[in-house]
Every structure is written in C-alpha cells, then in structure tokens.
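A closer look at the structure
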There are 2 protein chains.
Amino acid sequence: MRLSHLLGPELKQALREDPEQVRALLDEIHPEDLSDLVSELEPEDAAELMSRLPAETAAPIFERMEEHEQEELVSLMPPESVAHIASEMEADDRADLFNLLDEDRGDEIFRRLERVDPEAALEVREIEKWPETSAGHLVTTRYVQVPPEATLGDAITAVRELLEEDDDPIYFIYLVSEGDHLVGAVSIRSLVRYDDRSMPLSKLTIANLMSVPPDVDQEEVARQMSKYDLSEMPVIDATGKMLGIITVDDIIDVLTQEQSEDVQKLGAVEPLDVPYFHTSIVDFVKKRGFWLIVLFFGEFFTQTALRHYDPVFAMLQGATYYVPLLISAGGNSGSQSSTLIIRGLAVGDIKPRDWYRVLGRELLMGILLGGILGVIGFLRVLMLDRDQGVGFALTIGLTLVGIVVTGCTVGSLLPIALKRVGLDPATSSTPFIASLVDVLGIIIFVQSARFVLGTLFGQPGLP
Amino acid sequence: MRLSHLLGPELKQALREDPEQVRALLDEIHPEDLSDLVSELEPEDAAELMSRLPAETAAPIFERMEEHEQEELVSLMPPESVAHIASEMEADDRADLFNLLDEDRGDEIFRRLERVDPEAALEVREIEKWPETSAGHLVTTRYVQVPPEATLGDAITAVRELLEEDDDPIYFIYLVSEGDHLVGAVSIRSLVRYDDRSMPLSKLTIANLMSVPPDVDQEEVARQMSKYDLSEMPVIDATGKMLGIITVDDIIDVLTQEQSEDVQKLGAVEPLDVPYFHTSIVDFVKKRGFWLIVLFFGEFFTQTALRHYDPVFAMLQGATYYVPLLISAGGNSGSQSSTLIIRGLAVGDIKPRDWYRVLGRELLMGILLGGILGVIGFLRVLMLDRDQGVGFALTIGLTLVGIVVTGCTVGSLLPIALKRVGLDPATSSTPFIASLVDVLGIIIFVQSARFVLGTLFGQPGLP
C-alpha cells in the first residue's frame with residue numbers, strides 16, 4: 001500500500017479544516033524528511049498539499065526535492081502558488097527552478113514573482129547571468145550584513161532580524177560598505193565571546209577572509225572551501241560588489257554531483273541529469289548510444305588491421321586466437337593508468353605540468369607490469385600450446401611488454417593532454433582508452449612476431 | 001630555486017632569536033597555507049621548525065599535512081616534541097597519527113603523551129577501539145558541553161572558555177547529563193538571539209537532534225550529514241554515552257577519499273593510501289599487478305574458447321578478424337551499465353531490492369542499443385566486406401544484439417549481486433566486466449553463426 005493512501009485523504013481534510021495546525025505539525029519534522037514524504041504522494045495530492053501549505057513552510061520542502069519532481073509538481077500547481085513558494089526559496093534554488101521550467105511556464109510564473117516579490121525576481125536575473133556550474137549559480141542572499149562602522153550590538157540586532165524570518169544557520173556577519181563592497185567578516189561566535197555591545201565590529205574581523213568571483217567553476221570553489229574548512233564563501237564580482245555567499249551544504253552537493261558525472265564519463269556514458277530510474281529509455285539510448293557508436297567505429301580498425309596483416313596471420317596458425325587476450329592486457333593497464341591520472345588531476349595531486357614525471361613512472365610501471373604478464377604469457381604458451389614453439393611463446397611475451405607499456409603511457413598521457421587543451425580529462429573513458437590501445441595492440445603483435453620469429457629465429461617467409 | 005632556500009635559514013635564525021615573534025607572524029597565515037609551506041621545506045628544516053614552534057601553533061599545521069609527510073616528520077623530530085604537538089591536535093587526527101606510526105615509535109611517543117596530557121592519551125585509546133572507516137574514528141572531543149539545567153548565561157561562559165583555548169568554529173552547545181548522556185543541543189545563534197541570561201537552555205534545544213553510533217560506516221555518516229545539511233553530528237555509544245562530535249569538514253574529506261577509492265576500483269586498481277607521486281613503484285606493482293594478473297587469467301578463456309571453436313572458424317574465413325570488434329561492444333555496454341549501477345547504489349538512487357526493475361530496463365536498453373550497433377555492423381559487412389555475403393552480415397548483426405544485451409545485463413546485475421552479499425559493488429570494475437563479457441561474446445558469435453548460417457541459410461558442413 002502506498003503511503004499516499006494513508007496520508008492523502010486525512011492530510012487534505014486537515015488542510016481544509018485547520019491549515020495552521022497542519023503547519024505546526026510539519027514544523028516538528030525536518031524539511032528533508034517532509035520532502036521525502038511528499039515525493040511518495042501521488043503527484044496530484046502532492047501538488048494540492050504544496051499549494052495549500054503556507055509558502056514559508058512549502059519552500060524548504062520544495063527546494064529539497066529532485067529537479068524532475070519539482071518540474072512535475074509545478075505543472076500541476078497554480079502559477080500563483082509556485083510564485084509564492086519561489087519567493088521564499090533560497091536564491092540559488094529559486095534560480096535553478098526557473099532554469100528547469102520550459103519558457104512559457106517559466107515566464108508566466110516569473111511575471112507573478114515580480115509582483116509578489118520584486119527583489120526575489122531580480123535575484124533570479126542576477127544569478128542567471130552566470131554559467132550553470134559557476135560560483136554565481138550557488139549564491140544565496142540570505143546572510144547578515146552590517147555597515148563597516150557597526151558595533152557588536154548592531155550585529156546582534158541584525159542577526160536577530162534575520163532569525164525572525166527563519167531559524168537557519170548563521171555563521172558569519174559581513175561588514176559591507178556602500179556599493180556593496182565587502183570589507184570584513186565576523187564569526188557568530190565572536191558575538192557570544194564579548195559583553196561590550198559598543199565594541200566596534202571591525203576589531204573582531206577574521207584574518208584571511210577569502211572570496212571567489214562569480215564566474216569561477218563550482219568545482220574550484222568546492223576545492224577551496226574543503227581545503228580551508230570554510231563553512232561559507234562570499235562571492236564578489238569584478239567591480240568588488242558582494243553578490244552573496246556560498247554555503248558548505250551546497251558544496252557537498254556539488255562534490256557529489258561532479259563525482260557522479262566523472263564516474264559516468266569514465267564508464268563512457270554522457271552524465272545523467274536525473275537519477276537512474278527517472279531517466280527515460282530514450283534519454284539513455286542517446287546518452288549511451290553516442291559513445292557506443294563512436295567506440296564501435298573506433299573498433300572497426302581492429303578488423304581492418306587484422307585483415308591488413310592477413311598474410312602474417314595466415315603463416316602463424318592459431319595466432320589470431322591470442323589477439324583478444326593480448327589486446328585486453330593493454331586495455332586493462334590503460335584503464336588503470338587513466339583512472340589514476342584522472343583522479344589525481346581531479347583532487348589536485350597531479351598537475352598537467354607534471355606530465356614528464358608521469359611519463360617516467362608509467363614507462364617504468366609498464367615495463368614491470370608488462371614483464372610480469374609477459375612471463376606468464378610465455379609460460380602459458382610453452383605449457384598449454386606447445387606446438388607453437390619457443391619462438392611464438394617469446395613473441396607473446398614480448399608483445400605483452402609492448403602492449404602494457406603502450407597502455408600505461410597512452411592511458412596516462414591522454415587525460416593530461418585533454419586537460420591541457422581545456423577538455424575534461426574524464427572524457428578519456430576506460431572504454432575509449434581500451435579501444436585506442438586495441439588497434440595499437442594488433443600492430444605491436446605483428447611487429448613483435450616479425451622481430452622474434454623473422455629476425456631472431458630466421459623463420460622464412462614471414463611477410 | 002626551492003622555497004626552502006629562501007625561507008629556511010631566516011626562519012631558523014628567527015626561531016632561535018625570537019620564537020614569540022615568529023609565532024605572531026604565523027598566526028596571520030591560515031594553517032592550511034602554512035602546512036603547504038612546511039611541506040615545501042627540506043624535511044630536516046621542516047622537522048626543526050615544527051619542533052621549535054609552540055605546540056599549539058604547530059598542531060594545526062601538522063594535522064593538515066598528508067599522512068606520508070607526517071610520518072617523515074615524526075621520524076626526524078624528538079619524541080617529546082611530537083607528544084606535545086599530539087596533545088594539541090584534534091582527537092581524530094591524533095588517533096590517525098598513532099595509527100600511522102610503526103609500533104616502536106608510536107609506543108615511545110604515546111608514553112610521553114600519557115605524561116604530558118593523560119586525557120589526550122585516553123582519547124586515542126577510545127578512538128582506536130573503532131574500525132578505521134567508522135564514525136568512531138572521526139570523533140573530535142572539542143565541543144561545548146553544559147549540564148541539562150544550564151542557563152543561557154552558563155552556555156555563554158562555557159563558549160568563552162573554549163574560545164580561550166582556540167578560536168575554531170563552534171556551532172552547537174550540547175546539553176549533557178551525568179554519565180555523559182546527551183539530552184539536547186542548542187545552536188550558537190540561539191545564544192545571540194536572546195538577552196535573558198537566566199533563560200533555561202532546555203527551552204532553546206533544537207528539534208530532531210540526530211546522532212550516530214560509533215561503529216557506523218563513515219560513508220553512512222557522510223550521507224546523513226549531507227542529506228540533512230548538518231554541520232555537526234554527535235556520536236553516541238550503545239550505553240548512551242556521548243563520545244564526541246563529527247564535524248562537516250571531516251565529512252568532506254571522507255567524501256573525497258571514498259570517491260577516490262571508488263574511481264580507482266572502477267579502474268581495477270587497489271585504492272592508493274597516498275597520492276600518486278608518493279606511491280612507490282613497488283606499491284603500484286602490487287596494487288595494479290594483482291588485478292592485471294587476475295584479469296589476464298580470465299582472458300585466457302578467450303583463447304581457449306576460440307581454439308575450441310576452431311572447426312567453426314576454419315569454415316568461416318575472416319570471421320576471427322571480427323572477434324575484437326564484436327566482444328568490445330559487449331565490454332563497452334557492460335562498462336556503461338556497471339558504472340551507472342555502481343554510482344546509483346553509492347548515492348542511494350538504486351537499492352539492491354530494485355534488481356528486477358534494473359534487469360527490465362537493461363534488457364530493453366540492450367535490445368535497443370544492440371539493435372543500433374547490429375544494423376551498423378550488418379551494413380558495414382555488406383558494404384566493405386561483400387565477399388562474406390548476407391548470411392555472414394546477418395550473423396554479425398545478431399551477434400551484436402546478443403552481446404550488447406549480455407553486456408547490459410551482466411554489467412548491471414553483477415554490482416547488485418556484490419552489494420547483496422556484502423561486497424563493494426565497485427569491485428566489479430570496468431575491466432572485470434569486459435573480461436567476463438569477452439568470453440561470453442565468443443560463444444554468442446559462434447551460436448549466432450550456427451543459427452543464421454546453419455539453420456536459416458542451410459549452409460552445409462557448419463560444425
């Protein structure tokens with residue numbers, strides 16, 4: 001039985017009879033849990049509930065819902081209700097909402113928002129100026145601001161005013177001069193620390209106040225805030241104007257979202273916009289099909305290469321049966337190198353300028369790992385495929401060394417090269433590296449055979 | 001020129017002449033930046049600097065350094081200095097340090113710590129009880145604690161006492177009864193909000209105070225704290241005793257670390273303990289070699305399968321040249337499915353009980369994606385390899401459908417199966433799925449040929 005069957009009718013009735021009591025009840029529950037509950041309702045019931053709740057109660061629930069849920073709800077709610085809820089949402093979540101809606105619906109709600117809360121509408125326009133994954137898009141305008149000459153007492157008054165609106169966390173009080181110039185910040189614990197209310201706040205400002213411009217990428221903000229353990233980061237535009245702050249909870253969301261994208265790219269899937277079960281089959285076919293087809297065309301070259309070397313393979317009976325084994329070793333070692341480097345670049349352990357150090361290490365690693373596989377491969381041919389002879393076993397061993405060295409170097413340098421030209425290193429996905437190394441592997445196999453069997457063993461007739 | 005050449009001698013001289021002045025200077029710089037600077041020094045200089053600095057200045061620098069840097073420094077510093085620094089470190093970082101040191105060295109320093117600060121030593125023993133990736137290992141004991149009957153004024157006094165020690169953030173004041181039982185928490189903004197110092201704190205406690213037991217996994221704590229936007233999470237043991245709090249900055253580190261491990265596992269590398277450039281070649285050979293060898297043995301079966309079907313391939317001239325192309329399509333689609341499912345499981349979008357829904361979607365996706373590749377493959381044979389005929393082209397097409405369906409189902413169900421039996425889904429790495437599907441792909445190819453060429457086209461003599 002769905003929760004909606006239990007909760008739906010009673011809730012609707014209670015909302016009609018005594019909305020204040022429902023509100024008091026809901027205030028006891030964390031908005032995050034309420035948003036989970038509302039998600040479980042039938043969409044129509046959820047839309048009715050959200051429309052009937054006071055906007056300041058509905059907003060924290062609504063802004064915690066998944067984007068696809070918000071989209072569905074908005075389509076079922078009166079635009080007036082949505083505008084009221086939007087006016088109570090955090091500025092960044094509000095901008096994300098309008099970003100999500102189709103133009104007609106978005107315009108209709110926006111016009112109403114402009115009447116209900118012109119300032120909130122203006123903030124949306126401000127935020128929309130910046131790229132979707134930039135610091136400007138994470139800005140909230142809910143923070144305590146006082147003039148630079150304010151006293152401790154002034155700051156306490158300002159904090160209380162904001163807490164009248166809602167009881168959300170406050171970590172800093174910002175000293176802002178005319179023209180919205182940020183001149184300092186005082187932590188809220190400093191207000192508790194001293195008794196003298198006439199003390200100038202400027203005496204208490206923290207050292208090393210950091211800030212970011214609005215156009216910096218959200219990943220860079222996340223890196224700085226996590227490095228310096230910051231709970232808030234002010235955003236200042238090129239003219240020195242403070243646009244708002246980024247809070248640490250948004251940064252955690254950014255880290256999780258960017259990580260999902262990286263993992264999906266590594267698996268050769270275009271990043272999903274919504275969770276797995278909410279992605280339509282059509283979207284999946286697009287997001288997976290593109291890379292599958294690209295990689296498939298890439299793999300055509302393995303057939304072309306094998307056919308090209310037909311005279312060689314015709315001489316070496318049974319050699320083609322070793323091809324998948326050999327080329328997969330290149331793909332696997334290449335996958336290892338590329339994931340190590342992609343992650344190292346993402347967390348900042350590896351810089352693109354370190355490419356020659358990476359190359360040195362990976363060459364050495366390729367020789368060692370290829371050597372190990374080479375010995376195993378050599379022994380395997382000698383023991384289980386004795387008819388092929390020592391020359392062939394040696395060819396397999398040498399091929400493995402060559403292929404693993406190639407896998408390690410290609411797998412490590414390609415992400416660095418992508419980063420250098422400004423592309424996302426994670427695009428050099430594991431399957432992509434594997435495909436690239438597959439074709440090279442066939443060439444290395446044939447060249448090794450020519451060298452070992454032709455040159456060393458003087459086998460006649462090898463083309 | 002290395003920074004140490006510029007900074008080293010002057011710093012050392014200044015430290016000898018006027019350590020207080022150096023300390024005042026360093027207080028201006030964020031400990032995170034200082035730790036970066038110290039990392040740039042020659043190890044011997046860094047060790048001397050850390051030993052000469054007052055312990056309360058050195059501790060925040062030291063605890064921000066990488067583990068391998070801490071290890072090196074400790075080996076160069078007098079145990080007495082390390083003990084003093086350890087006593088000033090956060091409890092969780094202190095425990096991590098002892099976790100890191102070899103037994104002799106650790107015991108020597110621990111004995112000194114017991115003399116310098118018996119309470120800090122006891123905390124290490126407390127934390128060490130819990131598994132390394134559990135909540136208990138992230139606990140800090142730096143928090144404000146008052147009795148349940150305390151007033152607003154008592155809380156302010158308690159906050160001021162803690163701020164005398166250091167000016168680190170304080171977000172909550174915890175109401176703790178006898179026997180260390182947590183009964184409530186008040187946010188620091190509530191202390192600013194009200195003037196009446198005689199107000200009982202119990203009136204201001206927040207609703208929905210959450211806590212975790214110490215043995216819960218750190219990833220679960222991170223998930224809860226990010227879901228509910230918490231800045232702190234109290235840790236309570238089975239007897240109801242409060243052990244300390246986990247702070248949000250530790251959670252961000254946990255997220256980053258767990259993500260690195262997931263990505264490395266996806267690339268078939270055993271997770272690294274230290275950054276790329278600090279991992280020794282020997283460690284790399286172990287962490288990469290293990291999986292490379294496992295996968296290599298797995299791929300032996302491709303050669304075995306191909307040789308097993310030798311009579312079939314002998315009939316189908318040129319068919320073996322298509323094998324890498326065909327089986328790579330299975331590996332690629334399997335990689336896509338497995339990364340999607342692994343990530344979905346990690347962020348909670350997919351639950352193991354959803355396996356039949358996943359299977360349904362992936363079967364459909366496999367048919368669609370396999371169909372697309374099948375058509376491309378069919379056309380490719382007809383256009384570029386015309387001698388092979390329509391029957392062979394059809395075989396390629398059908399094989400691709402079968403292989404992609406297999407890739408999607410194996411790639412999606414394996415991570416779920418691993419999760420079900422309590423293993424990490426990320427262990428079913430991309431190369432692992434690819435190897436598994438490679439062997440299956442060869443069997444599907446041969447069966448398709450038998451069906452299309454033998455049964456449908458009645459080609460004689462196909463074994």
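Residues numbered from 1 in each chain as written. Chains lettered and ligands numbered in written order. Predicted model: local features only at pLDDT ≥ 70, side-chain atom pairs only at ≥ 80, totals over all residues.

Description of the overall build of chain A
The cut-off we apply is this: Only runs of H or I of at least four residues qualify as helices and only runs of E of at least two qualify as strands under DSSP, and these elements are numbered from the N terminus. The globule rule used here is 2.2 Å times the number of residues to the 0.38 power, and the radius of gyration it is set against is calculated over C-alpha atoms. The exposure scheme places C-beta atoms from the backbone and then counts, for each residue, the other C-beta atoms within 10 Å of its own, assigning buried at 20 or more, exposed at 12 or fewer, and partly exposed in between.
A tally of regular secondary structure across chain A gives 20 helices and five strands. Against the globule reference of 23 Å for 463 residues, chain A gives a C-alpha radius of gyration of 31 Å, more extended than a compact globule. Once the C-alpha set of chain A is aligned to its principal axes, its extents read approximately 95 × 60 × 35 Å. Sorting the 463 residues of chain A into buried and exposed places 47% on the buried side.

Quick notes on the nonpolar core
One recurring pattern in soluble globular proteins: nonpolar side chains tend to sit buried together. Our working rule: Joining buried Ala, Val, Leu, Ile, Met, Phe, Trp, Tyr and Cys residues through C-beta atoms within 7 Å gives a set, and that set is a nonpolar core. Any pair of residues counts as being in contact when their C-beta atoms, constructed from backbone geometry, are within 7 Å of one another.
Of all hydrophobic cores here, the largest spans 143 residues; its most connected members are Met50 and Tyr174 of chain A together with Met50 and Tyr174 of chain B. What Tyr174 of chain A contacts, discounting residues up to four positions off in sequence, is Tyr143, Val144, Gln145, Leu182, Ala185, Pro234 and Met242 of chain A. If you look at the next biggest cluster of nonpolar residues, it comprises 127 residues, including Val437 of chain A together with Leu306, Ile327 and Val401 of chain B.

A word on the sheet that holds strand E1 (residues 144–146) of chain B
Residues and elements named next belong to chain B. Applied cut-off: A pair of strands is treated as paired once DSSP finds two or more bridges between them. Only C-alpha atoms enter the line fits that serve as axes; for helices the fit covers just the stretch in contact. Angles between N-to-C directions range over 0 to 180 degrees.
One open sheet holds the three strands; their spatial order is E1-E2-E3, and the pairing between them is mixed. Each of the sheet's edge strands pairs with one partner strand only, and the pair in question is E1 and strand E3 (181–187). On average, adjacent strands in this sheet sit at an angle of 30° to one another, irrespective of strand direction. With six bridges connecting them, strand E2 (residues 172–177) and E3 associate as antiparallel partners. Pairing of Ile173 across the sheet is with Val186, part of E3. Relative to E1, helix H11 (residues 152–165) is tilted by about 145°, and along the sheet it contacts E1, E2 and E3.

What to know about the relation of the copies chain B and chain A
Counted only if it meets this: We place the copies in one frame by least squares, fitting the C-alpha atoms of every residue whose pLDDT is at least 70 in both.
Each copy superposes on the other: chain B lies on chain A with an RMSD of 0.1 Å after a rotation of 180° and an axial shift of 0.0 Å. This pairing of chains is accounted for by a two-fold axis. Interface overlap between copies: 98% of the residues of chain B at the interface are likewise at the interface in chain A, consistent with a symmetric, same-surface contact.

Observations regarding the environment of Val390 of chain B
Relative to the elements of secondary structure, Val390 of chain B occurs in helix H19 (residues 389–420). For the pair formed by Val390 of chain B and Leu379 of chain B, sequence separation is eleven residues and the distance between their alpha carbons is 9.6 Å.

Observations regarding the interface of chain B and chain A
By a widely used convention, the size of an interface equals the accessible area lost when the partners come together. For the record, the criterion: Nonpolar residues are Ala, Val, Leu, Ile, Met, Phe, Trp, Tyr, Cys and Pro. Charged residues are Asp, Glu, Lys and Arg, and all others, Gly as well, are polar.
In this complex, chain B contributes 91 residues to the contact, which on the side of chain A involves 89 residues. Every element with two or more residues in the side of chain B that touches chain A is listed here: H11, helix H12 (188–193), helix H13 (218–227), helix H14 (248–266), helix H15 (281–308), helix H17 (323–347), helix H18 (355–384) and helix H20 (430–456) of chain B. No other element matches H17 of chain B, which puts 17 residues into the side of chain B that touches chain A. Each residue belonging to the side of chain B that touches chain A can be placed in one class, and the counts come to 48 nonpolar, 26 polar and 17 charged.

Let's talk about unusual backbone geometry
A positive phi angle, near 60°, is found at Asp180 of chain A, a position not held by glycine. Relative to the helices and strands, Asp180 of chain A is located in the loop between strand E2 (172–177) and strand E3 (181–187). At Asp229 of chain B, a position not held by glycine, the phi torsion is positive, near 50°. Topologically, Asp229 of chain B is positioned in the loop between H13 and strand E4 (232–236).

Some thoughts on the packing of helix H17 (residues 323–347) of chain A against H20 of chain B
Rules: If an angle is under 35 degrees, it is roughly parallel; if it is over 145, roughly antiparallel; if it lies from 65 to 115, roughly perpendicular; otherwise it is oblique. Each crossing is labelled by how the near helix is turned from the far one, with a counterclockwise turn of less than a right angle marking it left-handed and a clockwise turn marking it right-handed.
As a packed pair, H17 of chain A and H20 of chain B sit with axes 10 Å apart at the nearest point and diverge in direction by 165°. As judged from the angle between their axes, H17 of chain A and H20 of chain B are roughly antiparallel. Crossing hand, H17 of chain A versus H20 of chain B: right-handed. Judged by residue contacts, Pro324, Ser328, Gly331, Asn332 and Ser335 of chain A of H17 of chain A engage Thr430, Pro431, Ala434, Ser435 and Asp438 of chain B from H20 of chain B. Here the contact of H17 of chain A with H20 of chain B is composed, by residue class, of three nonpolar, six polar and one charged.

A few points about the environment of Val439 of chain A
Residues and elements named next belong to chain A. Relative to the assigned elements, Val439 resides in helix H20 (residues 430–456). The class for Val439 is buried, based on 21 C-beta atoms found within 10 Å. Sequence separation between Val439 and Phe300 is 139 residues, and the spatial gap between their C-alpha atoms is 9.1 Å. Dropping the residues within four chain positions of it, Val439 is found in contact with Phe301, Thr302 and Ala305.

Some remarks on the packing of H17 of chain A against H14 of chain B
Axis separation between H17 of chain A and H14 of chain B bottoms out at 9 Å; the angle between their running directions is 160°. In this view, H17 of chain A runs roughly antiparallel relative to H14 of chain B, as classed from their interaxial angle. Where H17 of chain A crosses over H14 of chain B, the two elements pack in a sense that is right-handed. On H14 of chain B, the residues touching Thr339, Leu340, Arg343 and Val347 of chain A of H17 of chain A are Thr256, Ser260, Val263, Gln264 and Leu266 of chain B. Within the contact of H17 of chain A with H14 of chain B, the residues separate by chemical class into four nonpolar, four polar and one charged.

Quick look at the sheet that holds E2 of chain A
All names here are of chain A. Reading across from one edge, E1-E2-E3 is the order of the three strands in this open sheet, with mixed pairing throughout. Here the strands that pair on one side only, and so sit at the sheet edges, are strand E1 (144–146) and E3. When strand polarity is set aside, the average angle formed by the axes of neighbouring strands in this sheet is 30°. Relative to E2, E1 runs parallel, the two being bridged by three bridges.

Some remarks on helix H8 (residues 91–100) of chain A
Inspection of H8 of chain A places Ala91, Asp92, Arg94, Ala95 and Leu97 of chain A among the buried residues, and these make up the whole buried set. On the buried face of H8 of chain A, the contacting elements are helix H6 (67–76), helix H7 (79–88), helix H10 (118–128), strand E5 (242–247) and helix H14 (248–266) of chain A.

Comments concerning the pairing of E2 of chain A
Residue and element names in this part refer to chain A. Rules: Seen with the strands pointing away from the viewer, any crossover whose path from the first strand over the helix to the second strand runs clockwise is right-handed.
Burial of E2 is extensive: five of the six residues sit out of reach of the surface. Running through helix H11 (residues 152–165), the crossover from E1 to the neighbouring parallel element E2 is right-handed. Hairpin geometry of E2 and E3 is characterised by an intervening segment of three residues between the two adjacent antiparallel strands and by a positive phi of about 80° at Gly179.

Side note on helix H7 (residues 79–88) of chain B
All names here are of chain B. The element H7 is largely enclosed, with a buried count of eight among its ten residues. Three or more residues of H7 are buried, namely Ser81, Val82, Ala83, His84, Ile85, Ala86, Ser87 and Glu88. Along its buried surface, H7 packs onto helix H4 (43–52), helix H5 (55–62), helix H6 (67–76), helix H8 (91–100), helix H9 (103–116) and helix H10 (118–128).

Section: the confidence of the model for chain A
Selection criterion: pLDDT is a per-residue confidence score from the predictor, ranging from 0 to 100.
Overall, the prediction assigns chain A a mean pLDDT of 88, with 96% of residues at 70 or greater. Scored as a complex, the prediction yields pTM 0.81 and ipTM 0.80.

A closer look at the environment of Glu72 of chain A
Topologically, Glu72 of chain A is positioned in helix H6. Separated by 28 residues in sequence, Glu72 of chain A and Glu44 of chain A place their C-alpha atoms 9.5 Å apart.

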